[in-house]
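Geometric and topological summary
Here is what each chain is made of, one letter per residue.
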Amino acid sequence: MISIIVCSVDAGLLAKFRLNVETTINAPFEILAFDNREEKKGLAEVYNYLAEKASGETLCFIHEDVVIHSNGWGKV
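These notes cover the structure that comes with them. Chains are numbered independently. Their residues run from 1 in the order of the written sequence. Whole-chain, interface and lining totals are the exception, using all residues; otherwise, since this is a predicted model, local features are given only for residues with pLDDT of at least 70 and side-chain atom pairs are given and counted only at 80 or more. Where side-chain values are given, they derive from all heavy atoms of the structure, hydrogens and water being excluded.

**Considering the sheet that holds strand S3 (residues 58–61)**
The criterion, for reference: Think of it this way: DSSP has to see at least two bridges between two strands before they count as a pair. Note on conventions: DSSP H or I runs of at least 4 residues are helices, E runs of at least 2 residues are strands, and numbering of each starts at the N terminus. Here the axes come from fitting lines to C-alpha atoms, over the contacting stretch only for helices, and the angles between their N-to-C directions go from 0 to 180 degrees. Note on definitions: a residue-residue contact is assigned when non-hydrogen atoms from the two residues lie within 4.5 Å.
A sheet is described by the order of its strands in space; here three strands give the open sequence S2-S1-S3, paired in parallel fashion. The sheet terminates laterally at strand S2 (29–35) and S3, the two strands that pair on one side only. Each strand axis lies, on average, 20 degrees off the axis of its neighbour in the sheet, ignoring direction. Across four bridges, strand S1 (residues 2–8) lies against S3 in parallel orientation. For Ile5, the partnering residue across the bridge sits in S3 and is Phe61. Sitting on the sheet, helix H1 (residues 11–24) is in contact with S1 and S2, with an inclination near 175 degrees to S2. Strands S1, S2 and S3 of the sheet are contacted by helix H2 (residues 43–53), whose axis makes an angle of about 150 degrees with S1.

Shown next, in the form of structure tokens:
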């Protein structure tokens, strides 16, 4: 499984990102997202926090404004 770790500051972008992953990954995954609009924690702190909670054997640290165009990228 792939654990996708996102530090979010825009709920709308996060929703679009989730949909993009769901339609392109073609592999088991989980998305761990941290809403950082109020706490404003450092990126490394958020990533480390979510990495500890991840259950996948592969961790993917990514920003919510990324759009993935490759279908089946989770199997590569």
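**Some points on the environment of Ile5**
Positionally, Ile5 belongs in strand S1. Ile5 sits 49 residues away from Ala54 along the chain, and the two C-alpha atoms are 8.2 Å apart. Discounting residues that sit within four places of it in the chain, Ile5 has contacts with Leu32, Tyr47, Leu50, Ala51, Leu59, Cys60, Phe61 and Ile62.

**Topic: the environment of Arg18**
Short version of the rule: Working definition: with a 1.4 Å probe on protein chains only, accessible area under 20% of the residue-type maximum means buried, over 50% means exposed, and in between means partly exposed.
By secondary structure assignment, the location of Arg18 is in helix H1. By relative accessible area, which is 32% here, Arg18 ends up partly exposed. Each C-alpha atom of the pair Arg18 and Ile31 lies 7.7 Å from the other, and the pair is 13 residues apart in sequence. Residue contacts for Arg18: discarding those within four places in its chain leaves Ile31 and Ala33.

**Examining the pattern of salt bridges**
Heads up, the condition is: Salt bridges are defined by distance alone: a side-chain nitrogen of Lys or Arg within 4 Å of a carboxyl oxygen of Asp or Glu.
Tallied over the full model, the rule gives three salt bridges. Arg37 is the partner of Asp35 in a salt bridge, and the nearest nitrogen-oxygen pair spans 2.6 Å. Looking at Asp35, the relative accessible area reads 41%, which means it is partly exposed. In this structure, Lys41 and Glu45 form a salt bridge, with 3.7 Å as the shortest nitrogen-oxygen distance.

**Thoughts on the packing of aromatic side chains**
The condition is simple: Classification of ring pairs uses Phe, Tyr and Trp, with its six-membered ring standing for Trp, and accepts pairs whose centres are within 6.5 Å; under 30 degrees between planes counts as stacked, over 60 as edge-to-face, and the remaining range as tilted.
Under the defined criterion, the tally for this structure stands at two aromatic pairs. For the ring pair Phe34 and Tyr49, a centre distance of 6.0 Å and an interplane angle of 75 degrees mean the geometry is edge-to-face. One end of the pair, Phe34, is in strand S2; the other, Tyr49, is in helix H2, and 15 residues separate them in sequence. With 5.0 Å between their ring centres and 50 degrees between their planes, Tyr47 and Phe61 make a pair best called tilted. Taken together, the positions of Tyr47 in helix H2 and Phe61 in strand S3 put the pair 14 residues apart, joining distant regions of the chain. Residue class for Phe61 comes out partly exposed when judged on its relative accessible area of 39%.

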